[in-house]
Amino acid sequence: MKAERSEYRVVIVGAGVIGLYTAHHLARRGAGPILIVDRGFLSSGASGRNGGGVRQQWQTRATIRLARESVAAYRRFARDFGYNPWFRQSGYLFLAEDAAALERLGPVHELVRSEGLSSEWVDAAGVARHVPGIRPGAAVGGTYLGSDGTLYPFPVVWGLHDALRAAGVEILHGIEALGVERDGGRVRALQTSRGRIATPTVVNAAGGWSREFSERCGLAVANRATRHEILATEPLKPFLDPMVVRASDGLYFSQTMRGEIVGGLSPLADPTGSIAMSSSAGFLGRMARALVDLLPGLASVGVLRAWSGLYDDTPDGLPIVGEDPALSGFVHANGFGGHGMMLAPSSTERVARLVLGERIDLDPAEFGPGRFASTGSGRPTEALQLG
Amino acid sequence: MNRTPADPRTSGDDARPPPRPPGLPIGQRSIRYHRPRAPFCGIGYCTNCLVRTDARLNVRACREGYPVDGVRPTSHAWPSPRWDLFAVFDGLFPHGIDTLRGFRRPAILVRAYQRVVRRLAGYATPRVATARAPAPPTQRRACEVLVIGQGTAGRAVADELRRRGVDPVMTVDRDRRRSEGAASPDLGRATAVFLPPPDPAQPHPLRCYVARDVGGLVEIASRRVVVATGGYDASLLFAGNDRPGVVTADGAVSLASAGFSPFSHAIVFGDGPRARDVLARFPREIAAIVAPNEIGPDLVAIAADRGIPLYPRSLLVRAEGRRGVRRVALRARGGGPLMTLEADGVVLAHRRIPHPQLFFQCGARMRWDPRPGAYRPVTDPTGATTVPGVYAVGFARESAVPSDAEGGARRTAEAIAAGAPPPGPEPLAPAEPLDPPHPLLGYYRELLAELGGREKWIACPCEDVLLSEIVEANERGYRGIEVVKRYTGLGTGLCQGRYCLPDALLILSILEGRPPSRVGYITQRPPVVPTRLADLAGIPGPEEGPS
């Protein structure tokens, strides 16, 4: 496949949920022509590898607001796009294994409530109602927000893909973005493995590969990809409604519409920094221990498969949304750190407005790519790196 | 090659259970359309004979021994797998249920749809246990050479290694009979589920995780691993291909070994050595031989001797019958009228596929082998793969008659015993890609013209994915098996693509107009077979703590 034109209004690097949604917002505003290039196949990156959680419990106000808008968008998704992501608002349960962990949930709970969301404290008995079969003593309590939920990532990708093609957006796969051609401090063209594509605007929405692409463009960035693993069990009859998460070890799991238990765990520090998307015996052992310890009844349940994907992490846990301070026309929409699917509908709307030169309501000190240069303490952070 | 799974209650061929009346043992309903299912593969991979015991969910009756007292079919049927009210979905949706675009209108009903669909999904509820069950710690063993699979080639390698003084040699096998006396010490029936890439920093760079049937995982560290996992009989696409009575050659032989007469007048589909095996095993029960191509002279002679009619160069279009196969519809290739044969079984003996999972897991370079239409590792003459220390022997390496498999296995053993350093990743010449068309490509091209009747063509039996859904994905512009898998759910069920993938690659090759080797492959993820969380929990690892 080859691009139909030699020049585009916007070229987006990465056809994951961030890139596709950005193109959707741009196309709706009549910006065109738009091209999306991707090095792999559709859904080959994190958009096809995540656990499908969508939560609104965050440590910063701006993220809670973005997440609320995203939940509203996913509620409408089936109507808007004709594809059913099976978005199920069956809640997120933050587990606390002891009193100290429970206390740490307090500030988030307060902040979430102050934003008008009905986060509830749950005691040990309440946890047992939400998670039937939990080992007594495994949790002293937690917080629960019933309007959080889970979805199937794939229909989101297909729905956006169909809508974009209908809107005349070009999407090309198997193309590697190699860098940008500059005209002074401005983007003039994207260089790809299939040649040069002229454009005044490049959006870096390459997820786990976005650092690599930024560096190829000569830009210093703070995000870094880390490999996370995940597994799925045999399908079981429904017994678990909410997504269950535990901050201490990053454990998260839910039961999908098909009945599988799907979940993961924060990775241990990997000195090699490998981002090969392979599976490890160590993860299978740690995850199985965590699940069986929490839900002993799962002991006899078989694991069907394990896989891995990349989190595009930033030092403060917040995404990078904004134009690069060193290169005009180069817009960052990355650093989502495993939360791209959760925040895509709303945050990409800001990306689209930035591309069109409009003002946005995200504070550059909180989301801008230049924020890491300043050593200012007291900047907000999101430490909850959870599914 | 491993063909016949053992009945665990017997120790050898002579101690067969007494014969049972004809018929198939355990009723089962398919996951989405509640179609009646009966044992298909007979070797512990397909979804059709799931049962639960007191201790475990979703085990296969074909491996536990059919029918087991106190064992219930794992089923979401109501009131029973035999009489299942949910089977109305099959009739109500002759062209399938569209879960991608359906169930979203009116918006007020969406939550109700979700509740119903969720209720219908899944196989069984885990037993509620509130106490922490002691997880069996992973046993650790170390050896010089681990041989996985104890068929003809695996046994030949292990025997030759021991004869040459290589020590210790460990063997594992999914089929207990072949492990007896060979394993040191005997692990019983055990399946190699995960072979990660080697860690050259370790004295034993290879670490293979083996799940024992009795429970518990064994981590076997070794300097070499010889993979002799053989192959299995492939599925076939036609209308009603999931009817009870449609079995693989493996399944037919396995059922007969367990004392069943799965059919009284079946057709055999295939013209090769597997078809001869089936004829030898079922001297009176074969009513016809159907083959996609011409039938060879030796099979013609056997058929003439027994008065079995032959249908060479024929399309198997449809299997009919409400609960099980009653009739089979054929059409001569190149066009012609539809013929109907009376039959109560269809034995698929046309194609044998090697198990590629362990090779993919450890990162071996693979090549498309057009003869079975499957991926095999690239090897040098000693069977060494591109992964240092990992060897392939027997059918896992090449399609050959068993005597060649033994010879090849001996050459591998010689190379290992001689202490030949494991070749690195580079010295092997890339064997890419001789791509003569697979014989079934032309067959399926003709057969696709028959698609579109009221009977479902099941492309992925574990997940009830229809062939028409693959065609639809193609029409929407989705290319390559990885995307089609994510779009349709093909290959994501309990067999992890064993039975749908070989045919899906050929179908996509036709639809996309490029060779099967260009359609790609589904990443083979661990474990090779579903492995209990309790077993995996024993894998030693860094102690976890707050991160």
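Model, not experiment: these values are computed from the prediction.

1. Some details on the sheet that holds strand β15 (residues 310–311) of chain B
Residue and element names in this part refer to chain B.
Thinking step 1. If you trace the five strands from one edge of the open sheet to the other, you get β12-β19-β13-β14-β15, paired in parallel fashion. Only two strands of the sheet have a single partner each, and these edge strands are β12 (246–248) and β15.
Thinking step 2. Note that β12 and strand β19 (residues 345–348) share three bridges and pair parallel. From the neighbouring strand, V246 faces β19, where its bridge partner is V346.
Thinking step 3. Packed onto the sheet, helix α7 (residues 273–281) meets β13 (266–269), β14 (286–290) and β19 and runs at close to 175° relative to β14.

2. Topic: the packing of aromatic side chains
Residues and elements named next belong to chain A.
Thinking step 1. Under the counting rule described, the total for this entry stands at 24 aromatic pairs over all chains.
Thinking step 2. Judged by centre distance (6.5 Å) and plane angle (40°), the ring pair of Y92 and F94 falls under tilted.
Thinking step 3. Classification of Y92 by relative accessible area gives buried; the value is 0%.
Thinking step 4. Look at F94 and you get buried, because its relative accessible area is 2%.

3. Description of the nonpolar core
Across soluble globular proteins, you tend to see nonpolar side chains buried next to one another.
Thinking step 1. Judged by nonpolar contacts, the single largest core of 212 residues is most densely connected at Y21 and Y74 of chain A together with L316 and Y444 of chain B.
Thinking step 2. Among the elements that take part in this core, helix α7 (residues 281–294) of chain A stands out by supplying nine residues, more than any other.
Thinking step 3. Leaving out residues up to four positions away in the same chain, Y444 of chain B has contacts with L236, L237, D503, L506, I507 and I510 of chain B.
Thinking step 4. Listed in part, the 30 residues of the second largest apolar core include C49, C62, I295 and A349 of chain B.

4. Remarks on the environment of I416 of chain B
Thinking step 1. Along the polypeptide, I416 of chain B turns up in helix α10 (residues 402–417).
Thinking step 2. Look past the residues within four positions of I416 of chain B in its chain and what remains in contact with it is V145, L161, R224, V226 and Y391 of chain B.

5. A closer look at the state of the cysteines
Thinking step 1. Following the criterion strictly, the structure yields zero disulfides over all chains and no others.
Thinking step 2. No disulfide involves C46 of chain B; its nearest neighbouring cysteine sulfur is the one of C41 of chain B, lying 3.8 Å away.

6. A closer look at the side chain of Q255 of chain A
Thinking step 1. Positionally, Q255 of chain A belongs in strand β15 (residues 251–255).
Thinking step 2. A distance of 2.8 Å separates a polar atom in the side chain of Q255 of chain A from the backbone nitrogen of F239 of chain A.
Thinking step 3. Of the polar contacts made by the side chain of Q255 of chain A, one reaches the backbone oxygen of G259 of chain A; its length is 3.0 Å.
Thinking step 4. Residue contacts for Q255 of chain A: discarding those within four places in its chain leaves R88, L236, K237, P238, F239, L240, E260 and I261 of chain A together with R118 of chain B.

7. Quick notes on a nonpolar patch on the surface
Thinking step 1. Taken together, the side chains of V88, L92 and F93 of chain B present a nonpolar region at the surface, about 280 Å² in accessible area.
Thinking step 2. On the secondary structure map, L92 of chain B appears in helix α2 (residues 88–92).

8. Some points on a positive patch on the surface
Thinking step 1. Taken together, the side chains of R75 and R79 of chain A together with R111 and R115 of chain B present a region of like positive charge at the surface.
Thinking step 2. Every element with two or more residues in the positive patch is listed here: α2 (61–81) of chain A together with α3 (110–120) of chain B.
Thinking step 3. R79 of chain A gets classed as exposed once you look at its relative accessible area, which sits at 54%.

9. Notes on the sheet that holds strand β14 (residues 243–246) of chain A
Thinking step 1. Read from one edge of the open sheet, nine strands run β5(A)-β6(A)-β4(A)-β14(A)-β15(A)-β16(A)-β13(A)-β17(A)-β26(B), paired in mixed fashion. At either end of the open sheet lies a strand with only one pairing partner, and these are β5 (120–123) of chain A together with β26 (531–532) of chain B.
Thinking step 2. Bridge analysis of strand β13 (residues 224–233) of chain A against strand β16 (residues 261–264) of chain A gives three bridges, and the strand direction is antiparallel. Bridge assignment links L231 of chain A to a residue of β16 of chain A, and that residue is G263 of chain A.
Thinking step 3. In the packing of helix α3 (residues 99–114) of chain A onto the sheet, the strands contacted are β4 (92–96), β5 and β6 (141–145) of chain A, and the crossing angle to β6 of chain A comes to about 20°.

10. Overview of the packing of α2 of chain A against helix α5 (residues 153–166) of chain A
All names here are of chain A.
Thinking step 1. Interhelical geometry of α2 versus α5 gives an angle of 45° and a closest axis separation of 10 Å. Between α2 and α5, the angle falls in the class oblique. Note on packing geometry: the crossing formed by α2 with α5 is left-handed. Contact residues: α2 offers Y74, F77 and F81, while α5 offers P155, V156, G159, L160 and A163.
Thinking step 2. Tallied by class, residues from the contact of α2 with α5 come to seven nonpolar, one polar and no charged.

11. Section: the interface of chain A and chain B
Thinking step 1. Taken together, the contact between chain A and chain B spans 64 residues of the former and 64 residues of the latter.
Thinking step 2. Interface area for chain A against chain B, summed over the two sides, is near 5,800 Å², with a carbon-plus-sulfur share of 58%.
Thinking step 3. Between chain A and chain B we count three salt bridges in total.
Thinking step 4. Across the pair R258 of chain A and E463 of chain B runs a salt bridge whose closest N-O atoms are separated by 3.3 Å.
Thinking step 5. Inspection of the chain A/chain B interface yields 28 residue pairs in polar contact (both at pLDDT 80 or more).

12. Some words on the domain arrangement of chain B
All names here are of chain B.
Thinking step 1. Under the domain assignment, chain B is made up of domain 1 (25–120), domain 2 (139–232 + 353–417) and domain 3 (451–528).
Thinking step 2. Taking only C-alpha atoms into account, the centre of domain 1 sits 35 Å from that of domain 2.
Thinking step 3. Between domain 1 and domain 2, the residue contacts involve five residues of the former and six residues of the latter.
Thinking step 4. Carbon and sulfur atoms supply 29% of the area buried between domain 1 and domain 2, which totals about 560 Å² over both sides.
Thinking step 5. Considering only the surface of domain 1 that becomes buried against domain 2, Y45, R56 and R63 emerge as the three largest contributors, covering 85% of it.
Thinking step 6. The tally of links between domain 1 and domain 2 comes to one salt bridge.
Thinking step 7. A salt bridge links D213 to R63; its shortest N-O distance comes to 3.0 Å.
Thinking step 8. Connecting domain 1 to domain 2 are five residue pairs in polar contact (both at pLDDT 80 or more).
Thinking step 9. Of the residues that constitute the side of domain 1 that touches domain 2, the class distribution is two nonpolar, one polar and two charged.

Cut-offs applied
- Residues numbered from 1 in each chain as written.
- Chains lettered and ligands numbered in written order.
- Predicted model: local features only at pLDDT ≥ 70, side-chain atom pairs only at ≥ 80, totals over all residues.
- Heavy atoms only, no water.
- Pairing = 2+ DSSP bridges.
- Helix = DSSP H or I, 4+ residues; strand = E, 2+ residues; numbered from the N terminus.
- Contact = heavy atoms within 4.5 Å.
- Axes fitted to C-alpha atoms, helices over the stretch in contact; angles between N-to-C directions.
- Phe/Tyr/Trp six-rings, centres within 6.5 Å; stacked < 30°, edge-to-face > 60°.
- Buried < 20%, exposed > 50% of the residue type's maximum accessible area, 1.4 Å probe, protein only.
- Core = buried A, V, L, I, M, F, W, Y, C linked by side-chain atoms within 4.5 Å.
- Disulfide = S-S within 2.5 Å.
- Polar contact = N/O pair within 3.5 Å; in protein donor to acceptor, adjacent residues only side chain to side chain.
- Patch = residues over 30% accessible without salt bridge, like charges linked within 9 Å, V, L, I, M, F, W, Y side chains within 5 Å.
- Areas by Shrake-Rupley, 256 points an atom, 1.4 Å probe, with all protein chains shown as cover.
- Salt bridge = Lys/Arg side-chain N within 4 Å of Asp/Glu carboxyl O.
- Lys, Arg positive; Asp, Glu negative; His and termini not counted.
- Charge placed at Lys NZ, Arg CZ, Asp CG, Glu CD.
- Parallel < 35°, antiparallel > 145°, perpendicular 65-115°, else oblique.
- Left-handed = near helix turned anticlockwise from the far one by under 90°.
- Nonpolar A, V, L, I, M, F, W, Y, C, P; charged D, E, K, R; others polar.
- Buried area = accessible area lost by both parts, 1.4 Å probe.
- Domains from an automatic or database assignment.

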